[in-house]
Amino acid sequence: MAAEFVPAARSGLPHQLLLPEPGPEAAPLPEQLQRGLDGVIDSGALLLQSGDWLLTAADLRGLEHQLATHELELMGVEGRQALTLAAAAAIGLSTRLQKSTAPGPGPDSRNSPDLVIQRGTLRSGDHLQVEGTALVLGDVNPGARVSAGGHVLVWGRLRGVAHAGCHGDPNARIVALQLRPLQLRIAEVIARGPEDSPPQGFCEQARLVGGVIRIDPSEPSWPPFSG
């Protein structure tokens, strides 16, 4: 199968690139893109329809370079994977969530379709509260709070209060470029942040292990976890 290129319906609208459904037998993404772009002579802005693909920031950067060879500019991503949209937002692309028409067998916060993106720093007195996953593209300052039914992702320094899995999800995680919060909370478990800085080139991730919040260094990529 190949990606499908759809030319803009009229001037001022972006072209669209539709990815086929992912699967174990699907060809690598660059190969599918190349098949879909073969013979395309249009240029300009392009919107990616990513569907159920789980793409990292590195995947999207590679796609940008591939499109550039065809004089196409990636300007946004629409899809059903919250973490793909988080990756897109983290590198400055516009995003739009498509609700899934076929609910899965049970809740899984890692693939939650509910993503709220906060562009900019949360300051003292601010409280961001969402039902799904919260992505903050900025810092969370002392005196600010983030509460999420799913994950809390901070592309910056977390120095306020973060509560992931606030409805009781023990699989929720808190990820930040730097975890120095006044308080961390996952489901009903509470902890303080670490005092030492993470290893250079790493961010930090908090998760529940054996009923205790464990904080580990992790690669600073989006999605920060996909396994």
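Everything below is about the structure shown above.
Note that the structure is a prediction, hence the values are computed from the model and not measured. Per chain, residues are indexed from 1 in the order of the written sequence. Given that the model is predicted, a residue must reach a pLDDT of at least 70 before its local features are reported, and side-chain atom pairs must reach 80 or more before they are shown or counted; all residues, however, enter totals for whole chains, interfaces and linings. As a rule here, side-chain values cover all heavy atoms of the structure and leave hydrogens and water aside.

Visitor: Help me understand the sheet that holds strand β16 (residues 212-218) in this model?
Guide: Working definition: the strands of a sheet are paired by backbone hydrogen bonds and lie parallel or antiparallel to each other. Paired strands, as defined in this entry, are two strands with at least two bridges between them according to DSSP. Strands here mean DSSP runs of E at least two residues long; helices mean DSSP runs of H or I at least four residues long; both are numbered from the N terminus. The mixed open sheet is built from six strands, whose spatial order is β6-β8-β10-β12-β15-β16. With partners counted over all chains shown, the strands left at the sheet margins are β6 (115-119) and β16, one partner each. In this sheet, adjacent strand axes meet at a mean angle of 25° when their direction is disregarded. Pairing analysis gives five bridges linking strand β10 (residues 152-158) to strand β12 (residues 174-179), with the strands arranged parallel. Along β12, the bridge assignment pairs Leu-158 with Leu-179. Any two residues whose heavy atoms approach within 4.5 Å are treated as being in contact. Simply put, an axis is a line fit to the C-alpha atoms, just over the touching stretch for a helix, and the angle between two N-to-C directions goes from 0 to 180 degrees. Contacts between helix α3 (residues 82-90) and the sheet are confined to β6, β8 (133-137) and β10, with β6 contributing the most and set at about 15° to the helix.

Visitor: Just to check I follow, could you spell out the sheet that holds strand β5 (residues 94-97) for this structure?
Guide: Judged by pairing direction, the sheet is mixed, and its five strands sit side by side in the order β1-β2-β3-β4-β5 without closing on themselves. Looking along the sheet, the strands with just one partner apiece sit at the ends: β1 (4-6) and β5. Ignoring which end each strand starts from, the neighbouring axes of this sheet average 25° apart. By the bridge criterion, three bridges tie β1 to strand β2 (residues 15-18) in an arrangement that is antiparallel. For Glu-4, the partnering residue across the bridge sits in β2 and is Leu-18.

On their own, these measurements won't tell you what the molecule is for.
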